[in-house]
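What follows is each chain in one-letter form.
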Amino acid sequence: MIHPCLRCGACCACFRVAFHWMEAEASLGGHVPAELTEKLDPHRLVMRGTQAYQPRCIALKGTIGEAAHCGIYPQRPSVCREVPPSWEFGEPSPQCDKGRTAHGLPPLTPDDWIGMHSEPASEADTADA
């Protein structure tokens with residue numbers, strides 16, 4: 001089963017992604033690629049593309065609602081790491097739901113996660129079946 005976020009990408013094309021400038025300062029341990037950001041104010045940067053009237057993060061790759069992913073996933077800003085998909089951890093996510101709705105996608109439900117976190121059957125479980 002494919003992770004629902006890899007078919008979505010709606011949150012990456014719905015919100016301004018603002019974070020402290022230190023997250024893009026490599027000499028201070030920052031990991032966000034500075035060339036993908038722009039200054040918001042003296043203390044914050046934003047991901048390019050997310051300040052637009054119809055935002056779309058420069059790091060978003062693919063087609064929203066079909067096949068989408070973050071091109072800098074291991075280096076994404078903290079605010080992106082803090083947005084959980086609805087129901088992945090047993091509760092809804094207002095940000096996830098808002099992003100999906102804005103792009104004409106239905107909110108995720110607990111059923112979207114059935115089988116996602118289960119362990120594969122071991123050979124012993126399937127032997128002599």
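Each value, and the rule that gives it
- Residues numbered from 1 in each chain as written.
- Predicted model: local features only at pLDDT ≥ 70, side-chain atom pairs only at ≥ 80, totals over all residues.
- Heavy atoms only, no water.
- Core = buried A, V, L, I, M, F, W, Y, C linked by side-chain atoms within 4.5 Å.
- Buried < 20%, exposed > 50% of the residue type's maximum accessible area, 1.4 Å probe, protein only.
- Contact = heavy atoms within 4.5 Å.
- Helix = DSSP H or I, 4+ residues; strand = E, 2+ residues; numbered from the N terminus.
- Lys, Arg positive; Asp, Glu negative; His and termini not counted.
- Salt bridge = Lys/Arg side-chain N within 4 Å of Asp/Glu carboxyl O.
- Polar contact = N/O pair within 3.5 Å; in protein donor to acceptor, adjacent residues only side chain to side chain.
- Pairing = 2+ DSSP bridges.
- Axes fitted to C-alpha atoms, helices over the stretch in contact; angles between N-to-C directions.
- Arc of directions from axis to C-beta.
- pLDDT = per-residue confidence, 0-100.
- Disulfide = S-S within 2.5 Å.
- Phe/Tyr/Trp six-rings, centres within 6.5 Å; stacked < 30°, edge-to-face > 60°.
- Lys NZ or Arg CZ within 6 Å of the ring centre and 35° of its normal.

Let us look at the nonpolar core. Among the nonpolar cores identified, the biggest contains 10 residues, and these are Val17, Phe19, Ala24, Val32, Leu36, Leu45, Met47, Cys57, Ala59 and Ile72. Residues contacting Leu36, with those up to four places away along its chain left out, are Val46, Met47, Arg48, Ile58 and Ile72.

Positionally, Arg76 belongs in the loop between strand E5 (67-70) and helix H1 (78-81). For the buried Arg76, no salt bridge is present, and the opposite-charge side chain at shortest range is Glu88, 8.9 Å distant. From its side chain, Arg76 meets the backbone oxygen of Tyr73 in a polar contact 2.7 Å long. Leave out the neighbours within four places in its chain, and Arg76 touches His31, Val32, Cys70 and Arg81.

As a general point, the strands of a sheet are linked pairwise by backbone hydrogen bonds and lie either parallel or antiparallel. Read from one edge to the other, the open sheet built from three strands follows the order E1-E3-E2, with strand pairing classed as antiparallel. The open sheet is flanked by strand E1 (18-20) and strand E2 (37-39), the only strands paired with a single partner. Put simply, the sheet's adjacent strands are angled 40 degrees from each other on average, direction ignored. Judged from the three bridges that link them, E1 and strand E3 (residues 44-47) form a sheet pairing that is antiparallel. Across the sheet, residue Phe19 finds its bridge partner in E3, namely Leu45.

Right, let's get into the pairing of strand E4 (residues 60-63). Across four bridges, E4 lies against E5 in antiparallel orientation. Of the residues in E5, the one forming a bridge with Thr63 is Ala67. Counting the residues in the hairpin turn of E4 and E5 gives three residues, including Gly65, whose phi is positive at 85 degrees.

The periodicity of an α-helix, 3.6 residues per turn, causes residues three or four positions apart to be oriented the same way. Every buried residue of helix H2 (residues 94-102) is accounted for by Cys96, Gly99 and Arg100. End-on, the buried residues of H2 take up no more than an arc of 95 degrees, which puts them together on one face. Among the exposed residues of H2, those pointing more than 90 degrees away from its buried face are Pro94, Lys98, Thr101 and Ala102. Trailing H2 by a residue or two, Gly104 shows a phi angle of about 75 degrees, which is positive.

The pLDDT averaged across the protein works out to 90; a share of 90% of its residues lies at or above 70. Segment residues 119-129 is flagged for pLDDT under 50; beyond a separation of four residues in sequence, or across chains, it makes one contact in the model.

The next thing to look at is the state of the cysteines. According to the stated counting rule, one finds zero disulfides in the structure shown. Considering cysteine sulfurs only, Cys12 is the nearest to Cys11, which forms no disulfide, with 4.1 Å between them. Looking at Cys80, it has no disulfide partner, and the nearest cysteine sulfur is the one in Cys57, 6.3 Å off.

Take the packing of aromatic side chains next. The full count for this structure, using the stated rule, is zero aromatic pairs. Sitting over the face of the ring of Tyr73, Arg76 holds its NZ or CZ atom 3.7 Å from the ring centroid.

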